[in-house]
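Residue-level structure breakdown
In case you want the letters, here they are:
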Amino acid sequence: MSLLNFLLRCAVNMSILMYMSKAAEKTPKRPRTGARAKNGPGKREKNKEQTKERILRAALELFKEKGLEGTTTKEISKRSGIAEGTLFNYFNTKEDLALYFFQKETDDLIAWYGKETRLQKAPLAEKLFAIIHRQLEYLAPYEEFIGAVFYRSLQPTSTLSPLSLESQELRLKYLRFIREILAEAEEKEQLPRVGSLGAYAVGLFYIGVVTFWLQDRSRGKQKTLALLDRALNMGTQFLKKGSWDW
Amino acid sequence: MKRAHSSVGRAARLLQLGAGLAGSYLGYQLQRPFLREERATRQRQALRQRQAQKLRQELQDLRGPIMKVGQALSMQTQFLSAEMIEELSALQMHAPPMHATLMRAQFKGAMGKYPEEIFRSFEAEPFAAASLGQVHWAVTKSGEEVAVKIQYPAIREAIEGDFQALRAAGLAVTLTGHFRKAVIQEAERGILEETDYTKEASNLEHFRKALAPLEFIQIPKVHRQFSSDQVLTMSRVPGLRMQEFLKANPSQELRDKLGANLTRLFFFQLYCVGALHADPHPGNYLFNNNGSIGLVDFGCVKYLKPEVIRCYAQFWSREWVHDFKLYTEIIRVLFGPKMSPHEPRVRRCMNEIRRFYDRYHPFDQGPRILDIGNPEFMESLGDLAKVLLKNNFLSPEFLFLSRAESGMCNLMHILKSRVATTEIARQWRPKP
């Protein structure tokens, strides 16, 4: 991916997300839960979720073998054992599937962080390192697929584009999650008040890291590890100095 | 900002440093025509000292792999002025520390599994910083206590980047006569070699075997199945580091015993192994109350040419004083094949060497105990090094050897040992 593309993406992301930041702040941290959510999802919804996951698993296997472009809906239907017609009830396009993959990834990340009690007490730089590293680990088996998705998301008509409504929802979830972690650091005075802007900075940084990671051919993706570590250390230390008044 | 993390930041600082040094040098060059000879020399010396201090300060602020450059440069004594060496030798190596998450990720990248999958237990907090990484205690599944050295990720690439920056900065710095191309190339080769832990594992195994006859020396055993080029797992060697060891206030008898053992270790390595554990840093030695010594960190090992060792042995046995043929041979090894033995600077060096050894390690007068804790001895050793450097004493291998010798003397000096050095030297002879 060329640098120009990347910068363009960042600019688009930034402007949209800054606008959305107001929305992120206004929305209450814990969304109101209905009676149904309290008792867990209903049976029908559970079934629906299971089918979706089955399709995703089959699709990911195929993407790994044949790439995103080379895989047909027919093949996904055959591999998952779900009729082609029914398939469209769940996912209209392969991009919808990709979006679902990222939703799963974000849910997994948030659930994992909730259980990591040691990490929750660690310094901010380590927390952010662990979060981004966990995301990369999740993506690792599907590297080629992620590369293809990245390319697709540059097209404004794609559901994966940062301009699409569908992807905004996912993004907001991620940003709120990061925002909470930063807010905690702000309270402990490890960080000056950065507000939602900090979460966007982390989000953009993550996109940059993924771009780097996709190109990183070093063993065990060591260069990415070093980049992450140094950049986060530098970033948090720079902010700690309080040279910027937000 | 004191610490520079990114390679761009570091390159910028190096460039700044180069520019700064070149600037002050140019200032001096401008003034020179107006200065009298004597004053000019004094001024030049003061300037070099300032530059040396500045260089060390900058290198210290940079940390990371570039620190290693400073260390390596301090070894390349033949290319540097005496003031520079003094400043550079104050450097200590610090790789950037890794937090538990990064350490685990790096371990998995190097070994394919997380540490807790390989070991029964693994301490997430490192107990020591090592060259280019850090060391953790662990227990293997079979119950053996081990030390696991883990390298910081992509350090090789970082070093290559630093050297690129150094070469760019060198453009300005070479103006001041501080760096030469050969120095930088040699330093880079040496450091890159140290980034390969399999090499260190081989060194460990070689020395463990070769030093087996010395029962008072303990060298860790390598666990190859838990090691790679970036992870090195070794058995735990008992003993305390110098500072902790001295806290218990060991008896003079024990200090003398350790000193004698260190001397034996030195001669045995030199004459029977032909190679030296080349990092005489006190942190690489572990001391025990029974007089045994643990040796760790074999990243830097120097194999020496037999003629250099033979030549060095002559300093102790002093046969060359009466044997002109032997004397010319020594001159050839130390100063190059074309050097005349009558050259004044050669004679100055050889006289100084003779005076030093006659005074402290007299060979002909029976056993004599040398009090190495006496500061006078260390001063004389320093003076000898200064005379040799001033007279362009130019054998890199030999300088390496004398650095190892003064490293050993430094250890014994801290220990305040009294050792019958000549007697021990007499027991060993270089292999024919």
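Conventions used here
Residues numbered from 1 in each chain as written. Chains lettered and ligands numbered in written order. Predicted model: local features only at pLDDT ≥ 70, side-chain atom pairs only at ≥ 80, totals over all residues. Heavy atoms only, no water. Helix = DSSP H or I, 4+ residues; strand = E, 2+ residues; numbered from the N terminus. Buried < 20%, exposed > 50% of the residue type's maximum accessible area, 1.4 Å probe, protein only. Contact = heavy atoms within 4.5 Å. Areas by Shrake-Rupley, 256 points an atom, 1.4 Å probe, with all protein chains shown as cover. Axes fitted to C-alpha atoms, helices over the stretch in contact; angles between N-to-C directions. Parallel < 35°, antiparallel > 145°, perpendicular 65-115°, else oblique. Left-handed = near helix turned anticlockwise from the far one by under 90°. Nonpolar A, V, L, I, M, F, W, Y, C, P; charged D, E, K, R; others polar. Pairing = 2+ DSSP bridges. Phe/Tyr/Trp six-rings, centres within 6.5 Å; stacked < 30°, edge-to-face > 60°. Lys NZ or Arg CZ within 6 Å of the ring centre and 35° of its normal.

This paragraph deals with the overall build of chain A. Across its full length, chain A holds 12 helices and zero strands. When the helices and strands of chain A are listed from N to C terminus, the series reads α-α-α-α-α-α-α-α-α-α-α-α. Every one of the 246 residues in chain A was classed for burial, and the buried ones make up 46%. Partitioning the intrachain contacts of chain A with sequence separation of at least 6 by distance along the chain shows that 68% fall at a separation of at least 24. Summing over all exposed atoms, chain A offers an accessible surface of approximately 14000 Å²; the carbon and sulfur share of this is 55%.

Here the focus is the packing of helix α12 (residues 306–317) of chain B against helix α13 (residues 324–335) of chain B. All names here are of chain B. It is at 10 Å that the axes of α12 and α13 come closest, and there the two elements cross at 125°. With respect to each other, α12 and α13 are oriented oblique. Viewed along their axes, α12 and α13 form a crossing whose handedness is left-handed. Of the residues in α13, those in contact with E307, V308, C311, Q314 and F315 of α12 are L326, I330, V333 and L334. The class makeup of the residues in the contact of α12 with α13 is seven nonpolar, one polar and one charged.

Further remarks concern the pairing of strand β4 (residues 145–151) of chain B. All names here are of chain B. Within β4, six of the seven residues are buried, which leaves the element mostly enclosed by the surrounding structure. The sheet contact formed by strand β3 (residues 133–140) and β4 spans seven bridges and is antiparallel. Bridge pairing in β4 places W137 opposite A147. Counted along the chain from β3 to the antiparallel partner β4, the turn is four residues long, and its residue G143 has a positive phi close to 95°. Both β4 and strand β6 (residues 231–235) contribute to a ladder of five bridges, which runs antiparallel.

Residues and elements named next belong to chain B. What the three strands build is an open sheet, ordered β5-β9-β8; its pairing is mixed. Two strands bound the open sheet, and with one partner strand each, they are β5 (217–218) and β8 (285–287). Examined bridge by bridge, β8 and strand β9 (residues 293–295) share three bridges and lie antiparallel to one another. Looking at β9, one finds that Y285 is bridged to L295.

So, on to the packing of helix α3 (residues 43–70) of chain A against helix α4 (residues 73–80) of chain A. Residue and element names in this part refer to chain A. The contact between α3 and α4 brings their axes to 9 Å, and the two run at 140°. By the angle between their directions, the pair α3 and α4 is classed as oblique. In this structure, α3 crosses over α4, and the sense of that crossing is right-handed. Residues R54, I55, A58, A59, E61, L62, E65, K66 and G70 of α3 pack against E75, I76, R79 and S80 of α4. Grouping the constituent residues of the contact of α3 with α4 by class yields five nonpolar, two polar and six charged.

With that settled, the discussion passes to the packing of aromatic side chains. In the structure shown here, the tally under the stated rule is 28 aromatic pairs over all chains. Centroid distance Y360 of chain B to F377 of chain B: 5.0 Å. Interplanar angle 80°. Geometry classified as edge-to-face. One end of the pair, Y360 of chain B, is in helix α14 (residues 344–360); the other, F377 of chain B, is in helix α15 (residues 375–390), with 17 residues separating them in the sequence. Accessibility classification places Y360 of chain B together with F377 of chain B in one group, the buried group. Of the aromatic side chains, those joined through ring pairs into one cluster are F266, F267, Y271, Y312, F315, W316, F356, Y357, Y360 and F377 of chain B. Its guanidinium or amino end placed over the ring of W213 of chain A, K221 of chain A lies 4.8 Å from that ring's centre, counting from NZ or CZ. Taking NZ or CZ as reference, R104 of chain B lies 4.1 Å from the ring centre of Y114 of chain B, over its face.

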